[in-house]
Every structure is written in C-alpha cells, then in structure tokens.
Number of protein chains: 2
Amino acid sequence: MQAEPARLSALIQALCRLPGIGRKSAQRISYHLLQRDRSGGNALALALTEAMTHIGACERCRNFSETPVCSLCLSEQRDSSLLCIVESPADVFAMEEAGYQGKYFVLMGRLSPLDGIGPQELGLDKLAARLAGARDGAAGSTEVKEVILATNSTMEGEATAHYINDIVRNYQIRVTRIAHGVPLGGELEYIDSHTLSHALAGRREVAA
Amino acid sequence: MQAEPARLSALIQALCRLPGIGRKSAQRISYHLLQRDRSGGNALALALTEAMTHIGACERCRNFSETPVCSLCLSEQRDSSLLCIVESPADVFAMEEAGYQGKYFVLMGRLSPLDGIGPQELGLDKLAARLAGARDGAAGSTEVKEVILATNSTMEGEATAHYINDIVRNYQIRVTRIAHGVPLGGELEYIDSHTLSHALAGRREVAA
C-alpha cells in the first residue's frame, strides 16, 4: 500500500540525490517543509532555479560567477602578481578565510585520467594562455610573478600540482607549493609519518 | 571581500533552513549541484514547488494528501474498525512498515500548551465528530470499534494519549495503547529503568 502521495515521494527522491542526504534525512526534511515551513520550501525552489540558471563560470579564473568575469578577478584591490591555483570553489572560500589577497585560478577538479579528466577539462590551456599573456604583457593580462600551487595534498592533487609546475616553468615564473606539515594544535604523537616527514623536510630557521 | 556570487549565497542560505543541514553541508550541496548535477538541482526545484503547491491535508485523517481524501482513508481493503492515532506522517510510514492494516488519524503534532498547541490544533474536534459518527452510524462514517493510541512515548505524547483517551471513552469505544517495553535485540543491562518497569508491568502469560 502506497502511504505517501506521489509528489511527496518525488520530493524525497530528489532530496536523496543530494550528497550526504539519505532516505531518512530526505523524509525528515520533506515532512518538515510540508508541515512547518512551506515558505522555506518555496524559497529553496526559487533559490535553486535562480542559481542553476544564472551562475556560470568566470572567463578568467573559472570560479562560479554570475557575471562573465567574477568580482575577485575584476578587483583592483587584490595583488595581481600572485596567482593561486586551487581545485574547487570551496578551496577559494577556504583561502579567503585564511586571508589570501591575490588572484585565483580554479581547476574545478583535478587530473584523473581514469575518470576522463585531463588538462583540457581543467582549463590548463586557458591557464597557459594567461601566463603567456603575463610574460608578453599582452592587453588585458595580469602580471603574474608567482604561481602558488594550492591543490589538495592527495595523490591526484600532487600529480596535478606537478603537471602544472611543468607548464608554469615554461614561462619563467616563480612557482611555489603551500607548505605541508603538522596542523596548528596537532600533536606529533598522532600525526601520520608522511606528514611528519614533510614537516621535517620543510623545517625553518628559528629567529633569535 | 565577497567571494561568492549573490545567488550562490542565497542558495546556501535557503539550504541552511532545512533541518539537519549546517553551513558546511549547504555549501557542499550547492557546489555539488552547480559543478556536477544541475539537472538534479532543477529537478529538486520542480519537486519542491510541486509538493508545496499540491500536497494538502486529507479531510478525514489529516495526513498529507494530494486529493481531498487520501488513498489510505478511501481504501476498502483496510480494516475500518481499527483507528490508529499517531503524531505525524512519519509515524504512519513506520506503522505501515510494521504491517498495520487499519485506518489512521494523524494529529500533526502533540499537545503542547507552551507552544500554543491545544486540542483545536490537533483536530481533536474532527476526531470526536468521527467517533460520534461511528456510534450513531451517520452517513459516510467508519465503524470504529477500537482506537489505538500510538503517540510517542514522550512526556507530551503520553499527555496527548491520556487526553484522547478521555474523549474516546465518551463514545463507549475500546481504547488501547501500544505496548512499551524492551525493544527486540535490546539487552536488559542497558535499558533504562522506566522502560524496564513498563516491560515488567506489561508482562504476559507464556503459552505452554
């Protein structure tokens, strides 16, 4: 016996497609919206439609943007000599929280040949063109003096960083990689040995 | 510096209103939809609008329904002499899973005077009218012979069950309460003492 109205089942199904939402949560959310917050449900529907329709990719950095070029790329307050390369918009958010003041290039993924994600999918041709412009001083180009590789510290993230390093080297631009080591508040006893060996290799002189 | 497009912030905000979804999950869901599943986002928007617009309450049992009277109330296969009273549509779902074959009355809440939820809000006048119809044999009435109180075993659920019991008694209809005791697979050692005292009080003769 089908105890649920068809449209309720459809809503639960649609919610189940979201990452991290299982059948039980989808049910709870649907009941909540129907019973107590219909305006919230309608507001969410509108926000979804608006976002899916109007948010595209920035022509310069590939980050989410409602305009052809995003506000971060257009900003004159930011240091155009720094170009930070990250995997996803969430990473841009994290870097902003950390106080980074330069520009970005968002890969929207990482090299993963098995999943069919190659240099083309990550827009690395666009990155190369941008760096070439930086060297030649072409119109509309930024003057990138340093590329900061801030891909994740996973196998694929490292491979991607390595690959991009090779590209950037062609343009005689400085390339750096964010430091890997013991997180603040981390205890050595509980840190994995690979991280600790990175921390050791990356040790610095202590000021007197 | 606002790193997010306004419509992305709006979507994250709208998702944060859902129960059990925090800022971080909302962000992850938004990024996922924009990056990898725009059709899923649009499908969800449509499902939400459809559900919020077309799902109302059944005139008889107050459960969610797309039609004036829901399919469970209309069904002739179900035992009309049993009326199970539950707090929410999720409880109907749970009872169905447990194999219950009678009819329902859904309170859509529980008595909670501090939150302004009284007998009126739970449709208890409608319940009384239905039971009166059952006794007088009025047109369109069901012949309820037993009311099963299946409100939650919380303080408020118990108070609600007690209140409804008083109503039903007026109509000389049998009233039962679902059993409380040790859940299947539960170990006595870890069961709280109130549940155990219920289990003890509700003990039954073992068949030879």
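Shown above is the structure to which this text applies.
None of these values were measured; they are calculated from a predicted model.

> I'm lost on the side chain of A:Asp37 in this one. Help?
Summarising the element assignment, A:Asp37 is placed in the loop between helix 2 (23–36) and helix 3 (38–54). Excluding residues within four positions of it along the chain, A:Asp37 makes contact with A:His32 and B:Arg17.

> Whenever I open this one, the side chain of B:Ser81 confuses me. Can you help?
Along the chain, B:Ser81 turns up in strand 3 (residues 79–86). A distance of 2.6 Å separates the side chain of B:Ser81 from the side chain of B:Asp79, its partner in a polar contact.

> Looking at this structure, how should I read helix 1 (residues 6–16) of chain B?
Count 3.6 residues to each turn of an α-helix, and residues three or four apart come out pointing the same way. Buried residues of helix 1 of chain B: B:Leu8, B:Leu11, B:Ile12, B:Ala14 and B:Leu15, and no others. The arc that holds the buried residues of helix 1 of chain B, viewed along the axis, is 160°, so those residues lie on one side. Those residues of helix 1 of chain B that are exposed and aimed more than 90 degrees away from the buried face are B:Ala6 and B:Gln13. Buried-residue contacts for helix 1 of chain B involve helix 3 and strand 2 (64–65) of chain A together with helix 2 (23–36) of chain B.

> Explanation requested: the pattern of salt bridges in the structure shown.
Close approach of charged atoms allows side chains with opposite charge to pair. A complete count under the given rule lists 16 salt bridges over all chains for this structure. Between A:Arg7 and B:Glu50 there is a salt bridge; the shortest N-O distance is 2.8 Å. Residue A:Arg7 is found in helix 1 (residues 6–16), and its partner B:Glu50 is found in helix 3 (residues 38–54); the two belong to separate chains. Across the pair A:Arg177 and A:Glu158 runs a salt bridge whose closest N-O atoms are separated by 3.2 Å.

> Is there a simple way to think about the packing of helix 1 of chain A against helix 2 of chain A in this case?
Axis angle and axis distance: for two packed helices, these are the angle between their axes and the distance between the axes, and together they describe the pair. Residues and elements named next belong to chain A. The contact between helix 1 and helix 2 brings their axes to 8 Å, and the two run at 130°. Between helix 1 and helix 2, the angle falls in the class oblique. Like other packed secondary-structure pairs, helix 1 and helix 2 cross with a definite hand, here right-handed. On helix 2, the residues that touch Leu8, Leu11, Ile12, Gln13, Leu15 and Cys16 of helix 1 are Arg23, Ala26, Gln27, Ile29, Ser30, Tyr31 and Leu34.

> In this structure, what is going on with the interface of chain B and chain A? I would like to understand it.
Accessible area lost during the coming together of the parts is what is often quoted as the interface size. Facing 59 residues of chain B, the contacting portion of chain A comprises 58 residues. A combined buried area of about 5300 Å² lies between chain B and chain A, and 68% of that area is made up of carbon and sulfur atoms. Remark: the boundary between chain B and chain A carries 6 salt bridges. Linking B:Arg7 and A:Glu66 is a salt bridge whose minimum nitrogen-to-oxygen distance equals 3.0 Å. Across the chain B-chain A interface, the total number found is 14 residue pairs in polar contact (both at pLDDT 80 or more).

> Quick question: what am I supposed to make of the relation of the copies chain B and chain A here?
The second copy of the chain is related to the first by a rotation about an axis and a shift along the axis. Between chain B and chain A, the superposition needs a rotation of 180° and an axial shift of 0.0 Å, giving an RMSD of 0.1 Å. Both copies are brought into coincidence by an operation consistent with a two-fold rotation axis. The C-alpha atom lying nearest the rotation axis in chain B is that of B:Ala45; the distance is 2.1 Å. The fraction of interface residues of chain B whose copies in chain A are also interface residues reaches 98%, indicating that both copies meet through the same surface.

> So what exactly am I meant to see when it comes to the sheet that holds strand 3 of chain B here?
Working definition: the strands of a sheet are paired by backbone hydrogen bonds and lie parallel or antiparallel to each other. Residues and elements named next belong to chain B. The strand order 4-3-5-6 describes an open sheet built from 4 strands, whose pairing is parallel. Here the strands that pair on one side only, and so sit at the sheet edges, are strand 4 (102–106) and strand 6 (174–177). Direction aside, neighbouring strands of the sheet carry axes that sit 25° apart on average. Two strands pair when backbone bridges link them, and strand 5 (residues 146–149) and strand 6 are joined in this way by 4 bridges, in the parallel orientation. Looking at strand 6, one finds that glutamate 146 is bridged to arginine 174. Against the sheet, helix 5 (residues 89–97) engages strand 3 and strand 4, with an angle of about 160° to strand 4. Strand contacts of helix 7 (residues 155–169): strand 3, strand 5 and strand 6, with the helix running at about 170° to strand 6, the strand carrying the most contacts.

> Would you explain unusual backbone geometry in this entry?
Residues apart from glycine generally show negative phi values, whereas peptide bonds are mostly found in trans. Residue and element names in this part refer to chain A. Phi at methionine 108 takes a positive value of approximately 60°, unusual for a residue other than glycine. Of note, the phi angle at glutamine 172 is positive, near 45°, even though the residue is not glycine. Assignment of secondary structure puts glutamine 172 in the loop between helix 7 (155–169) and strand 6 (174–177).

> Honestly, the packing of aromatic side chains in this entry has me stumped. Any pointers?
To describe a pair of aromatic rings, you give the distance between the ring centres and the angle between the ring planes. For the structure shown, the criterion picks out 4 aromatic pairs over all chains. Plain terms: the ring middles of A:Tyr31 and B:Phe64 are 5.8 Å apart, the flat faces sit at 35° to each other, and that makes the pair tilted. Of the two residues, A:Tyr31 sits in helix 2 while B:Phe64 sits in strand 2 (residues 64–65), which places them in two different chains. Classification of A:Tyr31 by relative accessible area gives buried; the value is 7%.

Scoring rules and cut-offs
Residues numbered from 1 in each chain as written. Chains lettered and ligands numbered in written order. Predicted model: local features only at pLDDT ≥ 70, side-chain atom pairs only at ≥ 80, totals over all residues. Heavy atoms only, no water. Helix = DSSP H or I, 4+ residues; strand = E, 2+ residues; numbered from the N terminus. Contact = heavy atoms within 4.5 Å. Polar contact = N/O pair within 3.5 Å; in protein donor to acceptor, adjacent residues only side chain to side chain. Buried < 20%, exposed > 50% of the residue type's maximum accessible area, 1.4 Å probe, protein only. Arc of directions from axis to C-beta. Salt bridge = Lys/Arg side-chain N within 4 Å of Asp/Glu carboxyl O. Axes fitted to C-alpha atoms, helices over the stretch in contact; angles between N-to-C directions. Parallel < 35°, antiparallel > 145°, perpendicular 65-115°, else oblique. Left-handed = near helix turned anticlockwise from the far one by under 90°. Buried area = accessible area lost by both parts, 1.4 Å probe. Least-squares fit on C-alpha atoms with pLDDT ≥ 70 in both. Pairing = 2+ DSSP bridges. Phe/Tyr/Trp six-rings, centres within 6.5 Å; stacked < 30°, edge-to-face > 60°.

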